[in-house]
Amino acid sequence: MTRRRALVVGGTGPTGPAIVNRLLAAGYETTIYHSGAHEVDFDRDVEHLHGDNRDGDDIAAKLAGREWEVAILTSGRLRALANELAGRCSRLVGITGQPVYRGAVVPTPEGLIALPVPEWAERQSDRPDYTGKVAAGEDQLMQQHGRGDFEAAIVRYPGVYGPRGPLAHEWAVVKRVLDDRPAMIMPGAGTSYFQRGYAENLGQLVFLAATRPEAAGEAFNGADERVLNARHVAQLILAELNHEMDLVGVPAEFCRGFYPLAQKSSLILDMSKARTLLGYRDVVDPETATRLTARWLAEHRPTDVAPAFAGSFDYEAEDRIITSWKAATADLA
């Protein structure tokens, strides 16, 4: 029996174990190329290449002379990795993200992007920042696909949540529960629907993109099939952690930074292509996934969640805003 080999660049982030374990279950001998700063347990042994997957010289040295049937790039320099892997893998999956879409990261109430966002929506390819580089990386992968360097597929991640996630919007609520807070600001009453993707669900979609013939030459939105609004997410967390908290609706422009998930404009990614072309379905429904994430965060109490996602925990300022807003609404009433 011919051995099948897979390379996962990254592999220890939020979606890494879900991807690697699916490859292992499908019979792939799997190698992960990562820094070694964080290790996780997989279902079976995997080969570890430790290094800097953002450094061109290290990429060339670590991958020299190696070939794989499947290569999945969850981190590192997308374009440099794709160049190095040209002609040395059959299928290459590049992980990018929803910020590539024009208008996808405008805060409420200014956001005007049409929903749901399909894969053919306009991308921010003319920007000099990260989003422009992402679009350029996607274009390169499809050019290499056309040249025959490999079969390329792209999966665009949303807001990722689940265990080990450094982008945990949910921590804004969980930490307030742990701190026994009686109230929390809910920007815009929490009516924003911002697309998230549970790590296990994204792992399933990436596996399909890596192994299904229909994925060749295609880009896919990656996300949960259904989207919960920010208030619903908070309510599920409170229910899971058995805590009562007054969720005080305040216009988002007056309370930036306390619950970033709720201050984003609504963003819903069209998932019909992944469902119809690859047969994708959520492994875990978003309600259960939110509860599991809340429990994991409460038990592990992470210290490295970025403020742009967890928000501010300046409770004194939060209390002042809540008191002022309640007084203002009482006067209006």
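Scroll up to find the structure.
Along each chain, residue indices are assigned from 1 in the same order as the chain's sequence is written. Residues qualify for local features only when their pLDDT is at least 70, as the model is predicted, and side-chain atom pairs are given and counted only at 80 or more; totals for whole chains, interfaces and linings, by contrast, use all residues. For the side-chain quantities, the full set of heavy atoms in the structure was used; hydrogens and water were omitted.

Here we take up the sheet that holds strand β10 (residues 218-221). Here seven strands make up an open sheet; going across it, the order is β3-β2-β1-β4-β5-β6-β10 and the pairing parallel. Where the open sheet ends on each side, the last strands, each with one partner, are β3 (47-50) and β10. Adjacent strand axes in the sheet meet at a mean angle of 15° when their direction is disregarded. Any pair of residues with heavy atoms lying within 4.5 Å of one another is described as a contacting pair. To obtain an axis, a line is fitted to C-alpha atoms, over the contacting stretch when the element is a helix, and the angle between two such axes runs from 0 to 180 degrees between their N-to-C directions. Put simply, DSSP H or I for four residues or longer makes a helix, DSSP E for two residues or longer makes a strand, and each gets a number counted from the N terminus. Against the sheet, helix α1 (residues 16-25) contacts β1 (4-9), β2 (28-34), β4 (68-73) and β6 (151-157), and its axis sits at roughly 155° relative to β2. Pairs of strands are assigned from DSSP output, requiring at least two bridges between the strands.

Turning our attention to the pattern of salt bridges. Salt-bridge detection follows one rule: a side-chain nitrogen of Lys or Arg within 4 Å of a carboxyl oxygen of Asp or Glu. Under the definition given, this model contains 25 salt bridges. Of the charged contacts in the structure, one is a salt bridge between Asp-149 and Arg-147, with a shortest N-O distance of 3.0 Å. Classification of Arg-147 by relative accessible area gives exposed; the value is 54%. Residue Arg-320 is joined to Glu-316 by a salt bridge in which the shortest nitrogen-to-oxygen separation is 3.6 Å. With Arg-320 and Glu-316 both in helix α12 (residues 315-332) and four residues apart, this pair spans about one turn of that helix. The two residues Arg-320 and Glu-316 agree in class, both being exposed. Buried, partly exposed and exposed residues are distinguished by accessible area as a fraction of the type maximum, computed with a 1.4 Å probe on protein chains only: under 20%, between the cut-offs, and over 50%, respectively.

So, on to the nonpolar core. Residue types Ala, Val, Leu, Ile, Met, Phe, Trp, Tyr and Cys, when buried and joined through side-chain atoms within 4.5 Å, form a set referred to as a nonpolar core. Ile-72, Val-93 and Tyr-259 are the most contacted members of the largest nonpolar core, which totals 69 residues. When sequence neighbours within four positions are dropped, the list of residues in contact with Val-93 reads Ala-71, Ile-72, Leu-73, Ala-153, Val-155, Val-206, Ala-209 and Ala-210. Counting 21 residues, the second-largest nonpolar core is a separate cluster that includes Val-9, Leu-63, Leu-81 and Ala-82.

Let us now look at the side chain of Thr-131. In this structure, Thr-131 sits in helix α4 (residues 130-147). For Thr-131, a relative accessible area of 7% puts it in the buried group. For the purposes of these results, a polar contact is taken to be a pair of N or O atoms within 3.5 Å, where, inside protein, one atom must be able to donate a hydrogen and its partner to accept one; residues adjacent in sequence count only when each atom of the pair is a side-chain atom. A polar atom in the side chain of Thr-131 sits 2.7 Å from the side chain of Asp-129.

Between helix α7 (residues 230-240) and helix α10 (residues 286-300), the least distance of the axes is 9 Å, while the angle of their chain directions is 55°. Regarding the angle of α7 to α10, the classification is oblique. Both α7 and α10 take part in a crossing whose hand is right-handed. Seen from α7, the contacting residues are His-232, Val-233, Leu-236, Ile-237, Ala-239 and Glu-240; seen from α10, they are Glu-287, Thr-290, Arg-291, Ala-294 and Arg-295. Counted by class, the contact of α7 with α10 contains five nonpolar, two polar and four charged residues. Small angles under 35 degrees read as roughly parallel and large ones over 145 as roughly antiparallel, with 65 to 115 read as roughly perpendicular and the rest as oblique. Handedness of a crossing follows from how the near helix is turned relative to the far one, being left-handed for an anticlockwise turn of less than a right angle and right-handed for a clockwise one. Note that Gly is not counted as nonpolar here; it falls among the polar residues with everything else outside the nonpolar set of Ala, Val, Leu, Ile, Met, Phe, Trp, Tyr, Cys and Pro and the charged set of Asp, Glu, Lys and Arg.

Let us look at the packing of aromatic side chains. Note on aromatic contacts: the rings of Phe and Tyr and the six-membered ring of Trp form a pair at centre separations within 6.5 Å, being stacked when their planes are under 30 degrees apart, edge-to-face when over 60 apart, and tilted otherwise. Here the structure, examined in full by the defined rule, presents three aromatic pairs. Here Tyr-161 and Tyr-198 contribute two aromatic rings whose centre-to-centre distance is 5.3 Å and whose plane-to-plane angle is 50°, an arrangement assigned as tilted. Placement of Tyr-161 in strand β7 (residues 159-161) and of Tyr-198 in strand β9 (residues 196-198) is noted, with a sequence separation of 37 residues between them. For the residue pair Tyr-161 and Tyr-198, the accessibility class agrees, reading buried in each case. For a ring to carry a charge above it, either NZ of a lysine or CZ of an arginine must fall within 6 Å of the ring centroid while also lying within 35 degrees of the normal to the ring plane. Taking the ring centre of Tyr-28 as reference, the NZ or CZ of Arg-4 above it sits at 4.2 Å. Residue placement shows Lys-175 over the ring face of Phe-313; its charged tip is 5.0 Å from the ring centre.

These figures come from the coordinates and say nothing about function on their own.
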